[in-house]
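Spelled out from the first residue to the last, the chains are:
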Amino acid sequence: MIRNTKCECGHQNPVGTVLCEACGKPLDEELAASDSVLEMRYDGMARRSQKPHPNPVDRVWNFFSSVRVAVWLIVITLAAAALGTVFPQESAFVNLTDPAAYYRENYGTIGAVYHALGLSRTFESWWFITLMVMIGASLVICSLDRVLPLYRALTRQQVRKHLQFITRQQVVYVGPIQGDAEAWTARFAEILSRKRYKVRTDGNALLAEKNRFSRWGPYVIHIGLIVFLLAVLMRGVIPGWYMDEYVGLDDGEIEQIPRTGYFVKSLGFRIDFYSDDELPEHLKGQLRVKQFTTKAVLYECVAYCDDATREPELKEVAAHDIRVNSPLSYRGLRLYQYDFAEAPRLISVRPTLVDKRTGQSYGPFELPMRHPPLTYSVGPFTLELRDSFPEFGLDENGEPVTLSREPNAPAFVFVIKGPGLPEEGVPYLYFPREADRQRFGQDRINGAAAEMFDIRVMSMEDVEFSTYTSYLNVRVDRGMPYVWTGAAITMIGLVMGIYWNHRRIWLRIDDGVLSLGAHTNKNRFGLRAEVAAALAKAGIEVDAKMLDNRRKES
Amino acid sequence: MTDWLQISSNAVIVAFFLYCFSFIAYAVAVGGSRFANREPEAHRRRWGNIGLWLAAAGWAAHLVYFFARWAGAGHIPVSNLYEFLMALGIAMMLAFFVIRFAYRHPLLGAFALPLTIIIVAYASVFPSEVQPLVPALNSIWLRLHVTTAVLGEAFFAVGFTAALILILRVTDFSRTDKAGRRARFWAEFTLVVIVIVIGFLVAVFGFRAAGYHAEFRQETVTVDARGNVIEQESTVEYGLPPIFKPYNSETVSMDPFLGMTEPLFETPSWMNGVNAGRKWNTVVWSVIVGLLLYGLLRLIIRKPLARAIQPALDGIDPDDLDEISYRAIAIGFPLFTLGALVFAMIWAQIAWSRFWGWDPKEVWALITWLFYSAYLHLRLSRGWHGIRSAWLAVIGFLIVMFTLIGVNLLIAGLHSYAGVS
């Protein structure tokens, strides 16, 4: 059926229009015949989603432009998110080797089902991300579908409206007035201007409007959310936008930050505790952590970065005391205090070489655990470093290997050369830690060499060690400026749309009878009070509540 | 420092009693209007004003609590559940005053005050000792995050209050069809839930006043992320008589109660959160005491509570309530967005190196936000007004309370207020 969309005022309206774009008369015959309060959404304009004979693209458009669909998407997302909090997500664990077993053993059958359904990875799951993308599509399409008709409606408003349009608003007053209609209208226009309305008159008809900008609030919110969602999506997609690495540093240690040309050095990790006078009575004498601090220096590699044969050349670029809530920040790279471990580790030792044959001691010499030099001259002897094992261990064939790069059980193989020794030198295995020396049997391994030499630390002053290992979290997140921009736009839209409201007042005077209608998208209370006050100034005393159109019906 | 804290804890007691008196004045305003000799309208205004002044005085005392504690502790008191709930109570009163003066509605206080009283009493269930801040909490963003979020939630609470009055006001007790019976059931059910919350408070404070104590030794077996089995023995202390003892535990000591010298049941094994046994036992006690209270009330007034309250609400316009509820939620929504999401994200970015980590508390803040955005869409675009919108406001407030308290008690996470001994 093709409906006649031409209004009696002569305006040709697009199909789907509810209220004539020009005069506001209800176009639907059934609607015109009733006297219910008019639905003023988008001022009754036709929307793209109401096009007749939709093609497949239109159907997709129509689906996403529906607020009903949008609300369902919100509710489904909400329910899915709630399910995702029933048990801890897998991402909450650092080392989860067998997730299925973990959930089964800790949460029983329900846990096993939870894991099998993929709910333990809800927030990374394809279906949750799909929901997010659908919400994004809904945000865009809902907004476009409505903002354009609304913009058109609000920018071409006609002052003189159909009588039905006026008397079927939420707030209505109809009553006789005395005197000249145009003069009355002009005086009322003056009253409304003082209430900061923008007023237009057309003879004895009037249109007053304020805070129209608040109508754009919802669309600004949606733009903000889209920017936010896109930023979050981008950081996962664009290479180099996102990095999440961890670096463990002993005091004085320097480490390369994985996948970057930066190096970070710890000048020391410190734990501060609350002093007794900072603590309340019942906690005095207890150790309460106040702050964790890693004094850090950031270096950038400027030369020989990828050259395995040479030490890279570093330039200091930033220094900061990294604390919880105070990361080091340099050109988008951020280093956060993440964790620490109380793991005493050697930084360097200053051992002495004892020649058992003569009883003479030489040294001490400096032996750092990380990056030790290759030769040492101690008295008449030369020590050449053949091999080093940060964490000494034996493999299944009994061959020495290192179990990790951390100096947990350091061992060094020297070749000692010098007077009275064979030309090729004497190999000697050295464990700086006394415990390792015993455990692995240093003297037994060294055999004859142990008869000739001993390398040992003479006093604790010759040992430098780090009590803690500080773990830093290194982040690059180039999407953050966009995330914050999106959040800021959303907040601006919320404030615009919610703390202000769009108010319009129409009136016309026909044969000495004033018909006034007013509409707002929010806060009818305020509008009623404002209209009542304006009418009172014009000499018409009326109770604000009596202006409510729905009240009169009932 | 100690002086300040002393002033602070005295101020809470003053505030609590002033709130109670204010509530009584409001109750007289609502309930007494038909019995008073004077004009009902004048009676309401008079007692409503008395209630308002008492509430204002109570709020002043509540603010004294807040700032004295701030001075005494050296940091803004929003860092454990006690302080947080107190802040929520203060914010709820502020939101109530804003809405009260925007709409000049004399009777809103009759429902807003009991809610505040419950929150303040509930706060006192938790340990109120000042705790030094753990490093992560020592941030300006924490202060902004919590205070703004709490203010938003307080407006949601006022929206809930108006919605509840609306529900009680429009429930039709003459209808006998299915929909009518269902409406009556749910209105009454909501009141029963509130009575159970009061039952919880009565049980906790009653047994606390009586100094009740029971202790259990519980053995728990967990499997860590690497598959190692960890057996732990811990002591669980009860302040309520153990109807349910912890799973896999033995009694160390137990005060007898009404001839009960041994726990009656054992908590099922699948309730395996932190202190699950104690929490479950408390829930059971709350329901028992709540239902007893409810039964007593029914015996006294001899009709459903909703039906007893309704006549007092006669003079209130349902449209006004609908508008008040909606406006309160609308005012709260941007504040909640800013405080619970934006400021929270900024803080998380600085403290934990990521602005969002799907931590349970974060997820539930998002759920709250999604729910209220659905509420606004349904209302603005799909015309859900009146009773439907009121029920959404009630459900929304339940979600808010779960986010604030339920998550902390049931689901552990970053917001478990570490450092509370």
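Residues numbered from 1 in each chain as written. Chains lettered and ligands numbered in written order. Predicted model: local features only at pLDDT ≥ 70, side-chain atom pairs only at ≥ 80, totals over all residues. Heavy atoms only, no water.

**Student:** Explanation requested: the overall build of chain A in the structure shown.
**Tutor:** A tally of helices and strands in chain A yields 14 helices and 23 strands. Since a compact globule built from 554 residues should have a radius of gyration of about 24 Å, the 40 Å found for chain A marks it as more spread out than a globular shape. Seen through its C-alpha atoms, chain A measures out along the principal axes to roughly 130 × 55 × 50 Å. Here chain A holds 554 residues, and 49% of them are scored as buried. The long-range share in chain A, meaning contacts at least 24 apart out of those at least 6 apart in sequence, stands at 61%. (Helix = DSSP H or I, 4+ residues; strand = E, 2+ residues; numbered from the N terminus. Rg over C-alpha atoms; globule rule 2.2 N^0.38 Å. Buried < 20%, exposed > 50% of the residue type's maximum accessible area, 1.4 Å probe, protein only. Contact = heavy atoms within 4.5 Å.)

**Student:** How should the sheet that holds strand S6 (residues 262-273) of chain A be read in this particular structure?
**Tutor:** The strands making up a sheet are joined through hydrogen bonds of the backbone, oriented either antiparallel or parallel. Residues and elements named next belong to chain A. Read from one edge of the open sheet, 4 strands run S5-S6-S7-S8, paired in antiparallel fashion. If you trace the sheet from one side to the other, it starts and ends with strand S5 (254-256) and strand S8 (313-323), each paired once. Each neighbouring strand pair of the sheet contributes to a mean axis angle of 25°, computed without reference to strand direction. Of the strand pairs in this sheet, S6 and strand S7 (residues 289-303) are connected by 11 bridges, and their pairing is antiparallel. Note on S7: the bridge partner recorded for Gly 268 is Lys 295. (Pairing = 2+ DSSP bridges. Axes fitted to C-alpha atoms, helices over the stretch in contact; angles between N-to-C directions.)

**Student:** Explain a nonpolar patch on the surface here, please?
**Tutor:** All names here are of chain A. The grouping of Ile 129, Val 133, Leu 230, Leu 233 and Val 237 at the surface amounts to a nonpolar patch, some 440 Å² of accessible area in total. Take the nonpolar patch: its biggest share by element is 3 residues, from helix H8 (residues 217-237). Relative to the helices and strands, Val 133 is located in helix H5 (residues 126-155). With a relative accessible area of 49%, Val 133 lands in the partly exposed category. (Patch = residues over 30% accessible without salt bridge, like charges linked within 9 Å, V, L, I, M, F, W, Y side chains within 5 Å. Areas by Shrake-Rupley, 256 points an atom, 1.4 Å probe, with all protein chains shown as cover. Salt bridge = Lys/Arg side-chain N within 4 Å of Asp/Glu carboxyl O.)

**Student:** Explain the interface of chain B and chain A to me, please; I cannot follow it from the model alone.
**Tutor:** Many authors give the size of an interface as the accessible area that is lost as the parts come together. Counting residues at the interface gives 63 residues for chain B and 66 residues for chain A. Approximately 5400 Å² of surface area, both sides summed, lies buried where chain B meets chain A, with 63% of it carried by carbon and sulfur atoms. When the buried surface of chain B facing chain A is broken down by residue, Pro 135, Phe 355 and Trp 358 of chain B rank first, second and third, together holding 11% of it. Inspection of the chain B/chain A interface yields 2 salt bridges. Measuring nitrogen to oxygen at the nearest pair gives 3.6 Å for the salt bridge that ties Glu 323 of chain B to Arg 524 of chain A. For the pair chain B and chain A, the number of links is 13 residue pairs in polar contact (both at pLDDT 80 or more). (Buried area = accessible area lost by both parts, 1.4 Å probe. Polar contact = N/O pair within 3.5 Å; in protein donor to acceptor, adjacent residues only side chain to side chain.)

**Student:** Teacher, can you tell me more about the domain arrangement of chain B here?
**Tutor:** As far as domains go, chain B holds domain 1 (2-178 + 312-410) and domain 2 (214-283). For domain 1 of chain B versus domain 2 of chain B, the separation of C-alpha centres amounts to 34 Å. (Domains from an automatic or database assignment.)

**Student:** What exactly am I supposed to notice about unusual backbone geometry here?
**Tutor:** Note on backbone geometry: most residues besides glycine have negative phi, and most peptide bonds are trans. The phi angle at Asn 325 of chain A is positive, at roughly 75°, despite the residue not being glycine. Along the chain, Asn 325 of chain A falls in the loop between S8 and strand S9 (328-330). Although it is not a glycine, Arg 302 of chain B adopts a positive phi angle of roughly 60°. Mapped onto the elements of the fold, Arg 302 of chain B is located in the loop between helix H7 (276-301) and helix H8 (305-309). Exposure remark for Arg 302 of chain B: the relative accessible area of 70% places this residue in the exposed category.

**Student:** Even after reading the chapter, I still don't get the state of the cysteines, so can you show me in this structure?
**Tutor:** All names here are of chain A. Tallied over the full model, the rule gives 1 disulfide over all chains. Each sulfur in the disulfide pair Cys 301 and Cys 305 lies 2.0 Å from the other. Handedness of the Cys 301-Cys 305 disulfide follows from its S-S torsion of about -110°: it is left-handed. Since its relative accessible area comes to 11%, Cys 301 is described here as buried. Since its relative accessible area comes to 39%, Cys 305 is described here as partly exposed. You can see Cys 23 has no disulfide; the closest cysteine sulfur is in Cys 7, sitting 3.6 Å from it. (Disulfide = S-S within 2.5 Å.)

**Student:** Looking at this structure, I do not really get the sheet that holds strand S20 (residues 453-456) of chain A. What am I missing?
**Tutor:** Residue and element names in this part refer to chain A. Read from one edge of the open sheet, 3 strands run S12-S11-S20, paired in antiparallel fashion. Two strands close off the open sheet at either side, each with one partner strand: strand S12 (360-362) and S20. Within this sheet the neighbouring strands show an average axis-to-axis angle of 25°, counted without direction. Looking at chain direction, strand S11 (residues 352-355) and S12 are connected through 3 bridges and run antiparallel. Considered in S12, the bridge of Asp 355 is made with Gln 360.

**Student:** I'm lost on the pattern of salt bridges in this one. Help?
**Tutor:** Proximity of charged atoms lets side chains of opposite charge pair with each other. Tallied over the full model, the rule gives 32 salt bridges over all chains. The shortest N-O distance in the salt bridge between Arg 259 of chain A and Glu 245 of chain A comes to 3.1 Å. Of this pair, Arg 259 of chain A sits in the loop between S5 and S6 while Glu 245 of chain A sits in strand S4 (residues 242-250); the two residues are 14 residues apart in sequence, bridging distant segments of the chain. What makes Glu 245 of chain A buried here is its relative accessible area of 18%. Each of the salt bridges in this network shares a partner with another, and the network as a whole consists of Arg 524, Arg 528 and Asp 548 of chain A together with Glu 323 of chain B.

**Student:** Sorry if this is basic, but what is going on with the side chain of Asn 501 of chain A here?
**Tutor:** Summarising the element assignment, Asn 501 of chain A is placed in the loop between helix H12 (480-499) and strand S22 (503-510). Its relative accessible area of 7% is what places Asn 501 of chain A among the buried residues. Within polar-contact distance, the side chain of Asn 501 of chain A engages the side chain of Arg 503 of chain A at 3.1 Å. Setting aside chain neighbours within four positions, we find Asn 501 of chain A in contact with Lys 210, Asn 211, Ser 214, Thr 520, Asn 521, Lys 522 and Asn 523 of chain A together with Arg 327 of chain B.

**Student:** Can you walk me through the nonpolar core in this structure?
**Tutor:** Note on soluble globular proteins: their nonpolar side chains tend to be buried together. If you look at the biggest cluster of nonpolar residues, it comprises 147 residues, and the most contacted ones within it are Phe 96 and Ile 99 of chain B. It is helix H9 (residues 318-351) of chain B that contributes the most residues to this core, 18 residues altogether. Apart from residues no more than four positions distant in its own chain, Ile 99 of chain B is found in contact with Arg 104, Leu 108, Phe 155, Val 158, Ile 324, Ala 328 and Ile 331 of chain B. Core analysis: the second largest hydrophobic core is formed by 27 residues, Leu 206, Ile 509, Val 531 and Ile 540 of chain A among them. (Core = buried A, V, L, I, M, F, W, Y, C linked by side-chain atoms within 4.5 Å.)

**Student:** I'm lost on helix H3 (residues 81-103) of chain B in this one. Help?
**Tutor:** Helical periodicity: at 3.6 residues per turn, an α-helix aligns residues three or four positions apart in one direction. Residues and elements named next belong to chain B. Helix length check: H3 (23 residues) gives 32 Å between terminal C-alpha atoms against 33 Å at 1.5 Å per residue, within 8%. Here H3 lies mainly inside the structure; 19 of its 23 residues are buried. Backbone geometry just after H3 places Arg 104 at a positive phi near 50°. (Expected span 1.5 Å × (residues − 1).)

**Student:** Hey, could you run me through the domain arrangement of chain A in this one?
**Tutor:** One can read the domain layout of chain A as domain 1 (1-35), domain 2 (47-154), domain 3 (159-211 + 501-553), domain 4 (242-345 + 469-477) and domain 5 (351-456). For domain 1 of chain A and domain 4 of chain A, the distance between their C-alpha centres works out to 70 Å.

**Student:** Sorry, what's going on with the packing of helix H2 (residues 40-73) of chain B against H3 of chain B here?
**Tutor:** The description of two helices packed together rests on the angle between their axes and the distance between the axes. All names here are of chain B. The interhelical angle for the contact between H2 and H3, taken along N-to-C directions, is 145°, at an axis separation of 10 Å. For the pair H2 and H3, the sense of crossing is left-handed. Two secondary-structure elements touch here, H2 through Asn 49, Leu 52, Ala 55, Ala 56, Trp 59, His 62, Leu 63, Tyr 65, Phe 66 and Arg 69 and H3 through Tyr 82, Glu 83, Met 86, Ala 87, Gly 89, Ile 90, Met 93, Leu 94, Phe 96, Phe 97, Arg 100 and Phe 101. Here the residues of the contact of H2 with H3 are counted per class, giving 16 nonpolar, 3 polar and 3 charged. (Left-handed = near helix turned anticlockwise from the far one by under 90°. Nonpolar A, V, L, I, M, F, W, Y, C, P; charged D, E, K, R; others polar.)

**Student:** Mind showing me how you'd approach the side chain of Asp 436 of chain A here?
**Tutor:** Residue and element names in this part refer to chain A. Tracing the backbone through its elements, the reader meets Asp 436 in helix H9 (residues 434-440). Take Asp 436: its relative accessible area is 1%, and that puts it in the buried class. The residues contacting Asp 436, other than those within four sequence positions of it, are Asn 408, Ala 409, Pro 410, Phe 431 and Gly 441.

**Student:** Explanation requested: the environment of Glu 209 of chain A in the structure shown.
**Tutor:** All names here are of chain A. Here Glu 209 is to be found in strand S3 (residues 205-210). Look at Glu 209 and you get buried, because its relative accessible area is 9%. Spatially, the C-alpha atoms of Glu 209 and Ser 361 are 98 Å apart, while their sequence positions differ by 152 residues. Excluding residues that lie within four positions of it along the chain, Glu 209 makes contacts with Gln 157, Tyr 197, Lys 198, His 502, Arg 503 and Arg 504. Here the side chain of Glu 209 touches Gln 157 through a polar contact of 3.2 Å, side chain to side chain. Of the polar contacts made by the side chain of Glu 209, one reaches the side chain of His 502; its length is 2.8 Å.

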